[in-house]
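Residue-level listing of the chains:
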Amino acid sequence: SQKIEQNSEALNIQEGKTATLTCNYTNYSPAYLQWYRQDPGRGPVFLLLIRENEKEKRKERLKVTFDTTLKQSLFHITASQPADSATYLCALDEDNAGNMLTFGGGTRLMVKP
Amino acid sequence: NAGVTQTPKFRVLKTGQSMTLLCAQDMNHEYMYWYRQDPGMGLRLIHYSVGEGTTAKGEVPDGYNVSRLKKQNFLLGLESAAPSQTSVYFCASSYSTEDSSYEQYFGPGTRLTVT
């Protein structure tokens with residue numbers, strides 16, 4: 001089955017710097033990969049989706065890359081702000097039919113002022 | 001639009017008791033999901049539904065049952081609760097976009113404790 005790894009240790013960075021989070025996967029070739037944000041006590045919120053034929057996707061201060069050879073996605077937040085502090089989850093489509101997403105354990109980002 | 005709502009928000013059960021968690025969405029989405037989230041385990045899919053009247057098992061279905069009698073509602077039942085079912089439960093819904101992506105919309109969660 002699909003295995004997705006995200007750094008379980010929190011990432012601490014200074015305000016204004018670029019945060020980079022990693023998502024590695026094995027045993028599958030997904031058609032797309034999604035990133036979500038989760039705040040404490042709340043449900044995840046969809047941020048970005050990137051397809052296997054897309055190298056990079058941007059949305060405002062967010063950038064996602066997808067390297068199907070390395071089986072890795074990188075999630076960047078530029079000019080980070082304390083309000084960006086949250087847990088970020090990556091998710092892959094288990095069967096390329098959109099029915100089942102497998103989520104990574106998430107990485108907690110702390111942006112210090 | 002309220003989006004995805006879940007009731008109740010909190011519940012404490014004793015071992016062996018039963019309960020039903022209700023998920024409702026007002027976005028006319030075809031797909032609905034139930035997940036549980038535990039520390040260090042991430043989100044794990046319990047059951048899902050691709051349309052009214054249909055359900056399917058996810059990664060961790062044992063001890064749970066579901067029903068999707070109406071398109072907007074997805075119920076998760078625990079027939080005989082066990083301490084191992086202590087968790088935060090999230091419901092989500094999604095739809096197929098023109099480019100066949102299935103971004104999911106999550107509810108606020110139900111925190112369940114089984115003693």
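Fair warning: this is a prediction, and the values are worked out from it, not measured in the lab.

Conventions we followed
Residues numbered from 1 in each chain as written. Chains lettered and ligands numbered in written order. Predicted model: local features only at pLDDT ≥ 70, side-chain atom pairs only at ≥ 80, totals over all residues. Heavy atoms only, no water. Core = buried A, V, L, I, M, F, W, Y, C linked by side-chain atoms within 4.5 Å. Buried < 20%, exposed > 50% of the residue type's maximum accessible area, 1.4 Å probe, protein only. Helix = DSSP H or I, 4+ residues; strand = E, 2+ residues; numbered from the N terminus. Contact = heavy atoms within 4.5 Å. Buried area = accessible area lost by both parts, 1.4 Å probe. Salt bridge = Lys/Arg side-chain N within 4 Å of Asp/Glu carboxyl O. Polar contact = N/O pair within 3.5 Å; in protein donor to acceptor, adjacent residues only side chain to side chain. Disulfide = S-S within 2.5 Å. Pairing = 2+ DSSP bridges. pLDDT = per-residue confidence, 0-100.

Here we look at the nonpolar core
Leu 33, Trp 35, Phe 75, Ile 77, Tyr 88 and Leu 109 of chain A are the most contacted members of the largest nonpolar core, which has 22 residues in total. Of all the secondary structure elements, the ones that give two or more residues to this core are strand S3 (19-26), strand S4 (32-38), strand S5 (45-51), strand S7 (62-67), strand S8 (72-77), strand S9 (86-93) and strand S11 (107-112) of chain A. Once residues within four sequence positions are removed from consideration, Leu 33 of chain A is found in contact with Cys 23, Leu 48, Leu 49, Ile 50, Phe 66, Ser 73, Cys 90, Ala 91 and Leu 92 of chain A. Judged by nonpolar contacts, the second largest core, of 20 residues, contains Leu 49 and Leu 89 of chain A together with Phe 90 and Phe 106 of chain B.

Topic: the interface of chain A and chain B
Taken together, the contacts link 20 residues of chain A with 20 residues of chain B. Taken over both partners, the interface formed by chain A and chain B buries close to 1500 Å², and the fraction arising from carbon and sulfur atoms is 54%. Taken together, the links from chain A to chain B amount to zero salt bridges. Where chain A packs against chain B, one counts two residue pairs in polar contact (both at pLDDT 80 or more).

Some words on the state of the cysteines
Linking two cysteines covalently via their sulfur atoms produces the bond known as a disulfide. Scanning the model with the defined rule gives two disulfides over all chains in all. A sulfur-sulfur distance of 2.0 Å marks the disulfide that ties Cys 23 of chain A to Cys 90 of chain A. What sets the handedness of the Cys 23 of chain A and Cys 90 of chain A disulfide is the S-S torsion sign, and at about 70° it is right-handed. Remark: Cys 90 of chain A occurs in strand S9 and Cys 23 of chain A occurs in strand S3; sequence separation between them is 67 residues. Under the relative-accessibility criterion, Cys 90 of chain A is labelled buried at 0%. Disulfide pairing places Cys 23 of chain B opposite Cys 91 of chain B at an S-S distance of 1.8 Å. Disulfide Cys 23 of chain B to Cys 91 of chain B: torsion about the S-S bond roughly -75°, handedness left-handed. Taken together, the positions of Cys 23 of chain B in strand S3 (residues 19-25) and Cys 91 of chain B in strand S9 (residues 87-94) put the pair 68 residues apart, joining distant regions of the chain. Here the two residues Cys 23 of chain B and Cys 91 of chain B agree in accessibility, since each one is buried.

Comments concerning the pattern of salt bridges
Overall, the coordinates contain eight salt bridges over all chains when judged by the stated rule. Across the salt bridge formed by Glu 5 of chain A and Lys 3 of chain A, the nearest N and O atoms sit 3.4 Å from each other. The partner of Glu 54 of chain A in a salt bridge is Lys 57 of chain A, and the shortest N-O contact between them spans 3.8 Å. Lys 57 of chain A gets classed as partly exposed once you look at its relative accessible area, which sits at 29%. One network of salt bridges, in which partners are shared, links Arg 36, Asp 38 and Arg 44 of chain B.

Points about the pairing of S11 of chain A
All names here are of chain A. The alternating pattern of S11 places Thr 107, Leu 109 and Val 111 on a buried face and Arg 108, Met 110 and Lys 112 on a face that is not buried. Of the strand pairs in this sheet, S9 and S11 are connected by three bridges, and their pairing is antiparallel. By the bridge assignment for S11, Tyr 88 is matched with Thr 107.

Some thoughts on the side chain of Asp 38 of chain B
Residues and elements named next belong to chain B. Turning to its location among the elements, Asp 38 is positioned in strand S4 (residues 31-38). Within the structure, Asp 38 has its side chain in polar contact with the side chain of Ser 87 (distance 2.8 Å). Those residues in contact with Asp 38 that sit more than four places away from it in its chain are Arg 44, Thr 86 and Ser 87.

What to know about the confidence of the model for chain A
Considering every residue of chain A, the mean pLDDT works out to 91; 93% of them sit at 70 or more. When mean pLDDT is compared element by element in chain A, S11 of chain A scores highest at 97, while strand S10 (residues 101-103) of chain A scores lowest at 89.

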